[in-house]
Amino acid sequence: MKKAAIFGLVLVLFAGIGLISCEGPEGPRGIQGLPGEPGEKGDDGAAGQSIQWRGELASAPANPQNGWAYYNTANGRSYIYWDGWQVLSRDGEDGVDGIDILWKGELVDHPDSPELNWAYYNVWKKIAFIYNGSAWEVLSMGAGIFNGPSPINTEYEPFRVIITTDPELDDLNSLIHMLLYSNEIPLVGLVYNFSQHHISPMWDADGNIIRKGRRWTAFNEPSHIDVGLNAYEQAYPYLVQHDSNYPTPAYLKSITKWGNVHWAETQAGTNATTYPDLSVATEGSNWIKQHVLDDVPGKLFITGWGGMASAARALEEIANENAADIAAKGPLYQKIVDKVVLSTYGFQDRGWQYHILPNFPDMMWRSGAIGPWGYGGSTAVSAAIRYLMEPDWMSKNVTNVGPLGKVYRVAGTWAYPYRAQMADDKDDPLNGHQWNAAGNITHGRPGFDDEDGFYLVATTAAERTAAVAYAQSVGIGSFARGQIWLQNTWVSEGDSPTWAFLVNNGLRSWQHPTYGGWGGRLQKNSVGSGANAGLNMWGPATDAASYTGTASGSVRAIDRYWEAIMHSFATRLQWTIKPPSETNHPPLVEVHNSITDDYTLDFAADPGDAITLTADFFDPDGDTVSYRWWQYQEADTYASALPDIPLPTAAFSYRTLTFTVPADANPGDTIHVICEVKDNPGQGRLPLTKWARVIVTVN
């Protein structure tokens, strides 16, 4: 029996009392019925009225009909007739004639002596500039230099880079790695340079020795820049498919110069090899001087992969020629110290201390001498990621991948006891010639450039004992004695911190040494003492508050990015042998903020303000993307952790982050919030990571 409540409460009384009922709650809606049959087709609507164009006439045509239209040549108006003539359109007034744009083509730098409305496309910046009569302005821009799919994502700040380098194993490796990012790093110079470890002999035109050298290639034999560029030339046809901004091999060869590569014979004593010969200008020093003095906007980063000899000659020459201005810290001095940044891996000669510092004490000097880039890096990183520098991974992802991977130096390239010597042809170790540490020309035999051996390889206990004895006998540095490595282990890219902070990964660490990134994080005066104290010198800093790995010291500032660095390196090597459709590419990310309600990355906020950050991304391969947010406390000037920002180890899941500016924050305090984005490529491809750094300045 159904419950009466379904139909309302019904009470039936017998004995003629009658029917009494009351309304109950409404029952559930029944099932919708089937749709009805379609109705009959309606009548066709009346046809519209066509417009009939009557042409250009001096006056309205006679006997007009609705829909007629014409152009009146007398008053410059078009009319349409619809129960009377009505204005359809009218001619505008002639504007003032403009000035023609003179297109100057695709160039690396602004053209000299510009005139009003000159325009050109900067191939490094992917930006078209136009000259307004007094300065260059952006005419249009692409996304190549920027961190996201829109130039709104970061303020445009141009820079250029000159590399100075000596022929050491790690220099070649740094060069190979850097060339894979030459689409993002605007190179304007590759200069052979002196260091206390690698000093070129001096020859006359016939190849006769005038001055002995040490650990340098023989007369007219290719050195490491040649090795790197020749491999790049083979890789270029594929690389340019991935980004048209990769420079041509011809361009890179055109900016390769011989700088100051000799030692100063007049210097005596045990430190003689640390004194470069600055007595003469070279094509390299002249090239540096030209770029220091030009008026191209933006920073000029000059690296010292060996010493600073060529830069020291250029800057000392400028100081001598403009002594009054430099001594008084006049306009030229200010221009140079605002423009030039020296980026080195520690000290390798006396050029900086004795020839640059006295003339330009305010010039910024960044010394990124930080593992794991350097020798011993394969044991410096966190234990969980050391596999990225071990033989299996290196063989699969680096040394067997393309022309650049083939010339990349690793431990134990050849049979014991010869190891990865710079002058050798890699496939024929007896084919090279080089000056050894004693200053004698040698072939590939015991004593051949002992220092470039570094790490030895052993497979048995007896071989290990012999290897240690060999290392000690030839005077290999104490850092290498007893360090026996498996063949194909990572050796070093000791000079990569001088350029890695310039890579367009979104961390923007090139904008300031304290920001931190692939080249490490620096602090002021950590390398300055005594007379150098208070100068614009920056050295390695240690991440502690937000670091979650197991590395120690200043390694932490790079260790947190090392997996992403190696994945990117390996992927770009794939770019040298495969078309874009067969490889992975990094995602692009931009961050919207609720304070300025746009994609500005640097903005101000008040204590107590709630800020919402929302990440938007584009992945060129169509991959899905994961998000993670963290506070970079070490880069902040507000020193404490914000409780509503996750730790760097938080799961990849948050596209939107909301946090509150602390009430105790002081005016001028900065808070660095990092958005980390990683793609999920599948198909056996390595995932790639990009970042966006949001900097909040407290009002």
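Preceding this section is the structure that the text describes.
Draft legend 1. Summary view of the overall build of the chain. Tallying secondary structure elements over the chain gives 15 helices and 31 strands in all. Burial status across the chain gives 52% buried among its 699 residues. A separation of at least 24 residues holds for 64% of the contacts in the chain among residues at least 6 apart in sequence. Carbon and sulfur atoms provide 52% of the accessible area of the chain, an area that totals close to 31,400 Å².

Draft legend 2. Geometry of the sheet that holds strand β26 (residues 602-605). Read from one edge of the open sheet, four strands run β26-β31-β30-β28, paired in mixed fashion. Edge positions in the sheet fall to β26 and β28 (624-631), since each of these pairs with one other strand and no more. Ignoring which end each strand starts from, the neighbouring axes of this sheet average 25° apart. Across nine bridges, strand β30 (residues 670-680) lies against strand β31 (residues 689-698) in antiparallel orientation. Among the inter-strand pairings, V677 is bridged to a residue of β31, identified as K690.

Draft legend 3. Looking closely at helix α2 (residues 224-242). Compared with the 27 Å implied by 1.5 Å per residue over 19 residues, the 26 Å span of α2 between its first and last C-alpha is a close match. The largest bend along α2 reaches roughly 55° and is located at Y236, with the proline P237 sitting one to four residues downstream. Within the span of α2, buried status applies to H224, I225, G228, L229, A231, Y232, A235, Y236, L239 and H242.

Draft legend 4. Local environment of the packing of helix α1 (residues 169-179) against α2. Closest axis-to-axis distance for the α1/α2 pair is 9 Å, and the angle between their directions is 30°. With respect to α2, the element α1 is oriented roughly parallel. Seen from above, α1 lies across α2 with right-handed handedness. For the pair α1 and α2, the contacting residues are D171, L172, L175 and L179 in the first and H224, I225, V227, G228, L229 and Y232 in the second. Its residues placed into classes, the contact of α1 with α2 shows seven nonpolar, two polar and one charged.

Draft legend 5. The environment of G682, seen in detail. Residue position: G682 is located in the loop between β30 and β31. Its relative accessible area of 39% is what places G682 among the partly exposed residues. Put simply, G682 and N584 are 98 residues apart on the chain and 9.4 Å apart in space, counted from C-alpha to C-alpha.

Definitions and limits used
- Residues numbered from 1 in each chain as written.
- Predicted model: local features only at pLDDT ≥ 70, side-chain atom pairs only at ≥ 80, totals over all residues.
- Heavy atoms only, no water.
- Helix = DSSP H or I, 4+ residues; strand = E, 2+ residues; numbered from the N terminus.
- Buried < 20%, exposed > 50% of the residue type's maximum accessible area, 1.4 Å probe, protein only.
- Contact = heavy atoms within 4.5 Å.
- Areas by Shrake-Rupley, 256 points an atom, 1.4 Å probe, with all protein chains shown as cover.
- Pairing = 2+ DSSP bridges.
- Axes fitted to C-alpha atoms, helices over the stretch in contact; angles between N-to-C directions.
- Expected span 1.5 Å × (residues − 1).
- Bend = angle between axes of the 7 residues up to and from the residue.
- Parallel < 35°, antiparallel > 145°, perpendicular 65-115°, else oblique.
- Left-handed = near helix turned anticlockwise from the far one by under 90°.
- Nonpolar A, V, L, I, M, F, W, Y, C, P; charged D, E, K, R; others polar.

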